[in-house]
Number of protein chains: 2
Amino acid sequence: MTAYWCEHAWLGPRRIVEGVLVDVTGTKIARVTEGVPAPAEAFRLAGLTIPGLANCHSHAFHRALRGRTQLERGSFWTWRDTMYGIAERLDPDHAYELARAAYEEMVSTGITAVGEFHYLHHAAGGAPYEEPNAMGLAMVAAARDAGLRITLLDACYLSSGFGAPPDGVQRRFSDGTAEAWAQRVGDLASHPDTKPDDVTVGTAIHSVRAVPRDDLSTVVRTLPDAPLHVHLSEQVAENQGCVAAYGLTPAMLLAEHGAVTARLSAVHATHLSADDLAVLAAARSFACLCPTTERDLADGIGPAPDLAQAGARLTLGSDSHAVIDLFEEMRAVELDARLATQQRGHLTAAELLGAATQAGHASLGLDDAGQITAGNWADLVTLDLRSPRTAGAGTTEETAVFAASAADVLHVVASGRRIELDPGDVGARLDRVITSLLEQP
Amino acid sequence: MTAYWCEHAWLGPRRIVEGVLVDVTGTKIARVTEGVPAPAEAFRLAGLTIPGLANCHSHAFHRALRGRTQLERGSFWTWRDTMYGIAERLDPDHAYELARAAYEEMVSTGITAVGEFHYLHHAAGGAPYEEPNAMGLAMVAAARDAGLRITLLDACYLSSGFGAPPDGVQRRFSDGTAEAWAQRVGDLASHPDTKPDDVTVGTAIHSVRAVPRDDLSTVVRTLPDAPLHVHLSEQVAENQGCVAAYGLTPAMLLAEHGAVTARLSAVHATHLSADDLAVLAAARSFACLCPTTERDLADGIGPAPDLAQAGARLTLGSDSHAVIDLFEEMRAVELDARLATQQRGHLTAAELLGAATQAGHASLGLDDAGQITAGNWADLVTLDLRSPRTAGAGTTEETAVFAASAADVLHVVASGRRIELDPGDVGARLDRVITSLLEQP
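So, a few notes on the structure that sits alongside this text. Only a predicted model underlies this, so the values are computations on that prediction, with no experimental measurement involved. (Residues numbered from 1 in each chain as written. Chains lettered and ligands numbered in written order. Predicted model: local features only at pLDDT ≥ 70, side-chain atom pairs only at ≥ 80, totals over all residues. Heavy atoms only, no water.)

**Topic: the overall build of chain A**
We apply this condition: The numbering of helices and of strands both runs from the N terminus, where a helix is a DSSP run of H or I of at least 4 residues and a strand a run of E of at least 2. Using C-alpha atoms as the atom set, the radius of gyration is obtained and then compared with a globule rule of 2.2 Å times the number of residues to the power 0.38. Each residue gets one of three labels from its accessible area relative to the maximum for its type: buried under 20%, exposed over 50%, partly exposed in between, using a 1.4 Å probe on protein chains only. Working definition of accessibility: Shrake-Rupley area with a 1.4 Å probe, residue cover restricted to the visible protein chains. The charge count treats Lys and Arg as positive and Asp and Glu as negative. His and the chain ends do not count. Working definition for charges: the position is that of NZ of Lys, CZ of Arg, CG of Asp or CD of Glu.
The helix and strand inventory of chain A stands at 15 helices and 15 strands. Computed over the C-alpha atoms, the radius of gyration of chain A is 21 Å, within 12% of the 22 Å expected from 2.2 N^0.38 for a compact globule of 441 residues. For chain A, the spread of C-alpha atoms along the three principal axes comes to 65 × 50 × 45 Å. Within chain A, the fraction of its 441 residues that count as buried is 67%. For chain A, the exposed surface amounts to about 14,100 Å²; the carbon and sulfur share of it is 50%. Distance between charge centres in chain A, computed from 34 positive and 56 negative side chains, equals 3 Å.

This is the structure in structure tokens:
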């Protein structure tokens, strides 16, 4: 039994309580006691403690791109060429090192669970590694060693575009057929390294570009109770291609094949028709917004407030890791909606905190995380309320969402364990790994 | 003579030099020597050193609003009511304390010069203080004590709207007539406290709402060589009101009265017609963008790339201080343009750094600041290149603009003096000042 005493804890919408004792047994919260002074034996969390954050959309290796794609003019598609240049260099060892460094950065910012949208499966040319899940297992090991839980969303990727075969590095993404992908994912889900409960194996349709219509049902039927994620309508060109190929928008194509359910996370969901929005909302699907990436990649501003209003559940991801700061992601959802509408006040701070915590974990298959309550995973993130950024702003949800930054995270407890990461060590690991990766021939 | 040795220094577009020795005499740079090892007697600046940043649009007292206006739904105009609630409470002592705390936050983030757009001139009901410039002088003292240079932009504010008299707290903003305003500003410019060269007195037209057409020329003729700033076309409603009142857009109204020149900073410049844009650009006016405030206040996305392309000079401000982080402001200009256009690569990192440094200082009347070169003010800001945010991103302009945050500022030299501010002390001052202000009856 370990005890943490929170000076202030966020226990739900508009409920910040002073003096909260959180007793932890193993990885879970055993008991939450409100309004008590700090017992001598408890570890004292001074500041505002919130639940651990769920980063629901990550491509860990994109961390190596930070600062390196901004010289370009051009589009999402030219950015993608640069990203492929990094993907080409990765073997399972490099992939582990880079993911571990990126995940340590995440943990240091208060993220305690990551959804890794994983598509770099095979060796050069598409040849399987001796262990066909070597790359996915590298992600699992990296997360475990960094101290966070992972939901590995194993992505099916069979075609480069509508009717086009994978080309170049894309061959590393493809299992050749949906059946071969399903077989490999089945093996991954029963691998001993994915059995402990810090790992969840889920599935992903990379996109409607990458999985032909006739293969969608196979993906949907594989691990049918696990989370299913998909890149959806991030770019107008993808919508146009889908309509040209099938006469349907991506969301409608997915719905036709049974993919749009309460276990679906539609990642981005930027360019939606009214019908698309209605079908996602009616199914209570998740919409995973990645606003700092959507800014960086010039995706445009999606209809987040309308999605929430209609009943879809919002979640957040740092995606390309242009920055890793879920506080910035939270406020960006609201702020970008303000830019699009010239009106303030679409989503409350409580709703945005809910997206980053409870809803986020649910979309990763973790219904028992994201709230500071008995029985939940013991994930606690404490914010400094007296930093230059947060001082004077009040002990409120609004301060956490609109004033705080990743740099204001003072303490992180993940799965019951206090993670002590020195920012200098996190930076040194990132620097070492990325420099050695980029300097290799 | 003091010497600073920069591990890496940004000496201009695409010119980052390793091993740069900066010799300082008094407040100015005496000599810059490139490509040398660190002399024993030099203070070592490890990381990437850039020139000090100019925060060209500040309302210092808005810092007390941080985190406190996000509960509201509503508009810019309802936000303004909350802001007025703070303004009502301020006397010169409180104004000094709050500005000093806000300015210390600024210095800690690498800002070495501030443009204070100052309109809270008088006591309750509009009665002058015994020293009629007591409030402006409080801003000057606060900046000096915090360690940064100030350009006090003394704003003329005579009407609440087109033809409407000042109401409520707005009476504190008004001098009654443009002539009385000009008299007071003249006294301020010749006051002994504004004589040292760490202070520049400039003027401001609060907005076309607040200065009637017939008074514009008086403002333009006052301190005719000093910087002149104006809130311009931040909100569509203001444009509509101006056209209804005068048959002209705000920019065209100002141009008609000789205000649109190379000394003008048009703050926001969000909702411009093609003609507005052309007239600002032809005059080589500055456009002062405040993107984090424009997000917060739902202003919309202005035409920053088009302004720059046409020849206007971009500068940056943290305005309402929803956050104080000019790195975020720099990238936000580009990222919001991407959201508006669905294209990447409008402004380069070098252009954005130029906006935050050389152009910014020029708009504040400081032509000898914002570059690390002999004769310039000795302002140096050193970024940590191995923080969790910046590590692995490279020693580049792109890292400074797209990866760094205010929390990555390691060292600040302002006007030749090294400022050592502990973030905890900055936060403690903010907390103390804002709490006491809000708790007073």
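Back to the write-up after that little detour.
**A short note on the packing of helix α2 (residues 92–108) of chain A against helix α15 (residues 423–439) of chain A**
Residue and element names in this part refer to chain A. We apply this condition: For helices, the axis comes from a line fit to the C-alpha atoms of the stretch in contact; other axes are also lines fit to C-alpha atoms, and the angle between any two N-to-C directions lies between 0 and 180 degrees. The labels follow the angle: roughly parallel below 35 degrees, roughly antiparallel above 145, roughly perpendicular from 65 to 115, and oblique for the rest. Handedness of a crossing is defined here by the sense of rotation of the near helix relative to the far one, left-handed for an anticlockwise turn of less than a right angle and right-handed for a clockwise turn. Residues count as neighbours in contact if any of their non-hydrogen atoms are within 4.5 Å of one another.
The geometry of α2 relative to α15 is characterised by a closest axis approach of 9 Å and an angle of 150° between their N-to-C directions. One element, α2, and the other, α15, form an angle in the roughly antiparallel class. The chirality of how α2 crosses α15 is left-handed. Facing α2, whose interface residues are H94, E97, L98, R100, A101, A102, E104, E105 and S108, α15 presents V426, R429, L430, V433, I434 and L437.

**Focus: the pairing of strand β9 (residues 228–232) of chain B**
All names here are of chain B. Definition in use: Strands were regarded as paired on the criterion that DSSP finds at least two bridges between them.
A large share of β9 lies buried, amounting to 5 of its 5 residues. Across the two faces of β9 the burial is the same, with L228, V230 and L232 and H229 and H231 all buried. Both strand β8 (residues 199–205) and β9 contribute to a ladder of 3 bridges, which runs parallel. Opposite I205, over in β9, you have V230 as the bridge partner. Where β9 meets strand β10 (residues 264–268), 5 bridges bridge the pair, whose relative direction is parallel. Bridge assignment links V230 to a residue of β10, and that residue is A266.

**Quick look at the interface of chain B and chain A**
The following threshold applies: As a working definition, buried area equals the accessible area (1.4 Å probe) given up by two parts on being put together, with both sides summed. Salt bridge, as used here, is a side-chain nitrogen of Lys or Arg placed within 4 Å of a carboxyl oxygen of Asp or Glu. The definition of a polar contact used here is a pair of N or O atoms within 3.5 Å, where within protein one atom must be able to donate a hydrogen and the other to accept one, and adjacent residues in sequence count solely through side-chain atom pairs.
Taken residue by residue, the interface counts 63 residues in chain B and 63 residues in chain A. When chain B packs against chain A, the two sides together hide about 5,000 Å² of surface, and 52% of this comes from carbon and sulfur. Considering only the surface of chain B that becomes buried against chain A, L339, R344 and P388 of chain B emerge as the three largest contributors, covering 16% of it. The closest approach of N and O atoms between R338 of chain B and D296 of chain A, which form a salt bridge, is 2.7 Å. For the pair chain B and chain A, the interface holds 20 residue pairs in polar contact (both at pLDDT 80 or more). When residues of the side of chain B that touches chain A are traced back to their parent elements, those giving at least two are α1 (76–87), α2 (92–108), α9 (291–296), α11 (326–341), α13 (397–403) and α14 (423–439) of chain B.

**A short note on the pairing of strand β13 (residues 380–383) of chain B**
Residues and elements named next belong to chain B. Where burial is concerned, the two faces of β13 agree: the one with L380 and T382 and the one with V381 and L383 are both buried. Across 4 bridges, strand β4 (residues 43–51) lies against β13 in antiparallel orientation. Note on β13: the bridge partner recorded for P51 is L380. Two strands pair when backbone bridges link them, and β13 and strand β14 (residues 409–414) are joined in this way by 4 bridges, in the antiparallel orientation. What sits directly across from T382, in β14, is H411.

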